[in-house]
Amino acid sequence: METFTPQEITIAVEPLLRIQGYRDLDKVRAPIKKVAAKMAARAQQLAEPIAVYRKVPIKSVDGNSVTLGAGTVFHSEEFPRFLTGCGEVVVFVLTIGTAFDAEVQALIEEDKILELLFFENAGWIGVESATKTFSRHLQAMARQQGCQLTRRLAPGYQNWRLEEQANFFSLFETGALPVRLLESCAMLPKMSRSGLYGLKPSL
Amino acid sequence: MSEPRLKIPEGWEERAPEGWEWSELWEAVEVGKHIFTDEFVRKAIDTGINPRTILDDGLFPGFNLQGDRFTEQIIFIPEMLITARAMKAGLALIRPLLAAQAEKPIGVFVMGTVLGDMHDIGQSIVAIMLENAGFQLTNLGTDVHPDKFIETIKELKADLVGFSALLSTTVYYQKVTIDEIEKAGLRDNVKILIGGAPTTQDWADEIGADGWGRDAVQAVKQAKRLIAEPRTAWA
């Protein structure tokens, strides 16, 4: 199992406002811009991104299921399209840290709903940014071994049932992850992401 | 797309003391001046204006105007939240007075995000809008097990329950939760509203929900519609 710390994550104000539907940012009311800027800065300050990952060989891709080396089987309609021809997958768990959950709770308790809106959005922008940095790291690693990275696939998305998250987490050493899986298959900290990338030999 | 206009309550002058003006409060709620709203509502209470009149004639016009603008996509969620905060400041003063006049909330609403889903903000926005619309609201938070919904519905004798889900796979738990409510024998006592990014009216129909809220404003409209519909009374 390896660890990667994304260094260059960016949580900017512009995308925060665009997510809310604003096209002309000059027309956004000053108090709204101010809160968005404050929450973007707070999120940037609190973010402690980390990704834990490992490579696992693919045994087979059969129908809508993929069987990994240790015998773990996952199901999604997207597997044949993206994982056929891949020899391995990189499975990962990524988070931007526990401080976000504490801040969200504090904002809820203080009834600061506008701040909460922007802060939660900022958190997801942070996760997205950390994922991009992590993905670039994996792409570089894949190139070195003559491979390319497929699209990211994850339990809870693309018809890959969330219930398979428990099996997914079993691919990692117990207790070594920065993310905890709940019985419901949701993750804590909330600002976390799990998933896999296929490693396909370059033509 | 037409610019919504402020709907001035008909006959408001007859319900207010001579020389009284609501226009400053309408604007304060509209633009979200919560401190001014608090002060103005206190002044209205001290003047002896009926709390129901303060709510209907003073607070709702600006709030409803922003709701209409939101529906027309002239404003977005942040503006709506600023308005909601001002509305809430006024309501906090009015609510105990309404209760003292034996005015009941328009309905008891239980809501939460379904099992497996940790997304909070969407339902928090709906919660604040429902409270402002006069519902007694209990927000169970995220990752809520169907049993918890059932327990709370029973305990509070809820009129409505709402489930939010943001993941395409956790919307399935909206169906599971409805099925469990049915099995618990509560389906006729409570109206069910669903929402969340992957949901649609078709999905709501498919899983047997009574209504679908496309956004927070629509959720409130749906809740008001559903509360007027017949259902089995709680024993």
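1. Observations concerning the overall build of chain B
Step number 1: Of regular secondary structure, chain B possesses nine helices and five strands.
Step number 2: Scanning chain B from its N terminus toward the C terminus, one meets helices and strands in the order α-α-α-α-β-α-β-α-β-α-β-α-β-α.
Step number 3: Relative to its length of 235 residues, chain B is compact, with a C-alpha radius of gyration of 19 Å against a globular reference of 18 Å.
Step number 4: Summarising its shape, the C-alpha atoms of chain B cover approximately 60 × 45 × 25 Å along the three principal directions.
Step number 5: In chain B, which comprises 235 residues, the share counted as buried stands at 51%.

2. Points about the overall build of chain A
Step number 1: Secondary structure assignment for chain A yields six helices and nine strands.
Step number 2: Across its three principal directions, the C-alpha atoms of chain A cover 55 × 40 × 30 Å.
Step number 3: Per-residue burial for chain A yields a buried fraction of 41% across its 203 residues.
Step number 4: Taking contacts inside chain A between residues at least 6 apart in sequence as the whole, the part at least 24 apart equals 74%.

3. With respect to the packing of helix α4 (residues 99–109) of chain A against helix α5 (residues 113–144) of chain A
Residue and element names in this part refer to chain A.
Step number 1: Where α4 contacts α5, the axes come no closer than 9 Å and their chain directions differ by 165°. Viewed along their axes, α4 and α5 adopt a mutual orientation that is roughly antiparallel. You can see that α4 and α5 cross each other, and the crossing is left-handed. Residues Phe100, Glu103, Val104, Leu107 and Ile108 of α4 form the contact with α5, whose own contacting residues are Glu115, Leu116, Phe119, Glu120 and Gly123.
Step number 2: By residue class, the composition of the contact of α4 with α5 is six nonpolar, one polar and three charged.

4. Observations regarding the interface of chain A and chain B
Step number 1: With 20 residues of chain A at the interface, the matching set in chain B holds 20 residues.
Step number 2: Where the side of chain A that touches chain B is concerned, the elements lending two or more residues are α2 (30–46) and α5 of chain A.
Step number 3: Taken together, the residues of the side of chain A that touches chain B break down into 13 nonpolar, four polar and three charged.

5. With respect to the sheet that holds strand β5 (residues 211–213) of chain B
All names here are of chain B.
Step number 1: The strand order across the open sheet built from five strands is β2-β1-β3-β4-β5, with neighbouring strands paired in parallel fashion. Two strands lie at the open edges of the sheet, namely β2 (135–139) and β5, each paired on one side alone. Taking the axes of each pair of neighbouring strands and ignoring which way they run, one obtains an average angle of 25° across the sheet.

6. Side note on the domain arrangement of chain B
Residues and elements named next belong to chain B.
Step number 1: Here the domain parsing of chain B yields domain 1 (16–100) and domain 2 (107–227).
Step number 2: Each side of the interface is counted separately: domain 1 has eleven residues, and domain 2 has six residues.
Step number 3: Among the elements of the structure, α3 (51–71) and α4 (77–100) are those that each provide at least two residues to the side of domain 1 that touches domain 2.
Step number 4: Here the side of domain 1 that touches domain 2 takes seven residues from α4, the largest share from any one element.

7. A look at helix α6 (residues 146–156) of chain B
All names here are of chain B.
Step number 1: Buried within α6 are the following residues: Pro146, Phe149, Ile150 and Ile153. For α6, the angular spread of the buried residues around the axis is 95°, confining them to a single face. The outward face of α6, more than 90 degrees from its buried face, is lined by the exposed residues Asp147 and Glu155.
Step number 2: Residues of α6 that are buried in the fold lie against β1 (107–113), β3 (160–164) and α7 (172–183).
Step number 3: Within two residues after α6, Lys157 carries a phi angle of roughly 50°, on the positive side.

8. Some details on the packing of helix α1 (residues 23–31) of chain B against helix α2 (residues 34–47) of chain B
Residues and elements named next belong to chain B.
Step number 1: The contact between α1 and α2 brings their axes to 8 Å, and the two run at 150°. Crossing geometry of α1 relative to α2 is assigned as left-handed. Residues Glu24, Leu25, Ala28 and Val29 of α1 lie in contact with α2, whose contacting residues are Phe36, Thr37 and Phe40.

9. What about the nonpolar core?
Residues and elements named next belong to chain B.
Step number 1: In this structure, Phe109, Met129 and Leu130 are the most contacted members of the largest nonpolar core, which totals 128 residues.
Step number 2: The two domains that each donate at least three residues to this core are domain 1 (16–100) and domain 2 (107–227).
Step number 3: Residue contacts for Phe109: discarding those within four places in its chain leaves Leu130, Phe135, Gln136, Leu137, Ala158, Asp159, Leu160, Gly162 and Ala223.

10. Observations concerning unusual backbone geometry
Step number 1: With an omega dihedral of -5°, the bond running from Leu188 of chain A to Pro189 of chain A counts as a cis peptide bond.
Step number 2: One can find Pro189 of chain A in the loop between β8 (187–188) and β9 (192–201).
Step number 3: Despite not being glycine, Ala102 of chain B shows a phi value in the positive range, around 65°.
Step number 4: You can see Ala102 of chain B is positioned in the loop between α4 and β1.
Step number 5: For Ala102 of chain B, a count of 6 C-beta atoms within 10 Å gives the class exposed.
Step number 6: Not every positive phi belongs to a glycine, and Asp143 of chain B is a case in point at roughly 55°.

Analysis parameters
- Residues numbered from 1 in each chain as written.
- Chains lettered and ligands numbered in written order.
- Predicted model: local features only at pLDDT ≥ 70, side-chain atom pairs only at ≥ 80, totals over all residues.
- Helix = DSSP H or I, 4+ residues; strand = E, 2+ residues; numbered from the N terminus.
- Rg over C-alpha atoms; globule rule 2.2 N^0.38 Å.
- Buried ≥ 20, exposed ≤ 12 C-beta atoms within 10 Å, placed from the backbone.
- Contact = placed C-beta atoms within 7 Å.
- Axes fitted to C-alpha atoms, helices over the stretch in contact; angles between N-to-C directions.
- Parallel < 35°, antiparallel > 145°, perpendicular 65-115°, else oblique.
- Left-handed = near helix turned anticlockwise from the far one by under 90°.
- Nonpolar A, V, L, I, M, F, W, Y, C, P; charged D, E, K, R; others polar.
- Pairing = 2+ DSSP bridges.
- Domains from an automatic or database assignment.
- Arc of directions from axis to C-beta.
- Core = buried A, V, L, I, M, F, W, Y, C linked by C-beta atoms within 7 Å.

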